[in-house]
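Analysis of the macromolecular model
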Amino acid sequence: ARCRRLVMSPARPPAKELTRITTRHVAAEDRVRLAGEPAGGSPVAIWLTRRLLQGLVPKLLLPLDAAPGASAPHRELLLGFAQQKALAAHVPVTPVAPPADAEAWLARRAAISRSPQALTVTFESADGQAASLLLSPVAVHQWLAIVYRAYCSAQWPMDIWPVWLIENLEPVPVLPQALH
């Protein structure tokens, strides 16, 4: 009989749960920097590439499309209202600003897990670092708006963004009015 050797891989430390984030495009890197603050920990900077976001954004949009009441023919209208409501509920907070010597890494993968109440997005680096972000449905709408603005700032292709989201984030043009 042959004996098999059981090789155990080292256990990965659990992902840091980020309680507060700031997301913005950094032109010099042509990447999005997610600056996050874990509970009781030091801020971390996670770099998100366009390629990673191109795969992540549609996955974040899926549960919104599948939300109860979001069926055709009024789906886009209802999603637009949900986006407006989420934006109105957004409370600005002090931006997360990691110091120059803060932990910083490139996210190679983003995994999404769902519960009835929220989505958890876990970002992972090539060498095993991980951080997670718990997003309620309202927070998903809010973060998508922020990522959309980062896309605009970066001048990246906008083909992944649905019309209902764009229409609720673009400024309404002011038309000249005739005075009588």
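Residues numbered from 1 in each chain as written. Predicted model: local features only at pLDDT ≥ 70, side-chain atom pairs only at ≥ 80, totals over all residues. Heavy atoms only, no water.

Let us now look at the confidence of the model for the protein. Close reading of the predicted structure is inappropriate where its pLDDT is low. Confidence in the prediction for the protein averages 83 pLDDT; 80% of positions are at 70 or higher. Mean pLDDT values for the elements of the protein range from 71 in helix α2 (residues 75-89) up to 97 in strand β3 (residues 44-48). Segment residues 6-10: pLDDT under 50, and 0 contacts once partners within four positions in sequence are set aside and those in other chains are kept. (pLDDT = per-residue confidence, 0-100. Helix = DSSP H or I, 4+ residues; strand = E, 2+ residues; numbered from the N terminus. Contact = heavy atoms within 4.5 Å.)

The subject of this paragraph is the environment of A86. With respect to the helices and strands, the residue A86 is situated in helix α2. According to the relative accessible area criterion, A86 is buried, its value standing at 2%. A sequence separation of 55 residues divides A86 from H141, and the C-alpha atoms of the two residues are 6.1 Å apart. Not counting the four nearest positions on each side in its chain, A86 is found in contact with V138, H141 and Q142. (Buried < 20%, exposed > 50% of the residue type's maximum accessible area, 1.4 Å probe, protein only.)

So, on to helix α3 (residues 137-154). What sets the pattern is the α-helix's 3.6 residues per turn: residues three or four places apart point alike. In this model α3 runs 26 Å from its N-terminal to its C-terminal C-alpha over 18 residues, within 8% of the 26 Å that 1.5 Å per residue would give. When we look at burial in α3, the residues that qualify are A139, V140, H141, Q142, W143, L144, A145, V147, Y148, A150, Y151 and A154. Just downstream of α3, Q155 is the residue with a positive phi angle, here 60 degrees. (Expected span 1.5 Å × (residues − 1).)

Overall, mixed pairing links the 7 strands, which are arranged β4-β3-β2-β1-β7-β6-β5 in an open sheet. Of all strands in the sheet, those with a lone pairing partner are β4 (103-106) and β5 (109-114), marking the two edges. Taking the axes of each pair of neighbouring strands and ignoring which way they run, one obtains an average angle of 35 degrees across the sheet. One ladder, built from 5 bridges, connects strand β2 (residues 31-38) with β3; its direction is antiparallel. Bridging from a neighbouring strand, V32 pairs with L48 of β3. Strand contacts of α3: β1 (16-26), β2, β3, β6 (119-124) and β7 (130-135), with the helix running at about 25 degrees to β1, the strand carrying the most contacts. (Pairing = 2+ DSSP bridges. Axes fitted to C-alpha atoms, helices over the stretch in contact; angles between N-to-C directions.)

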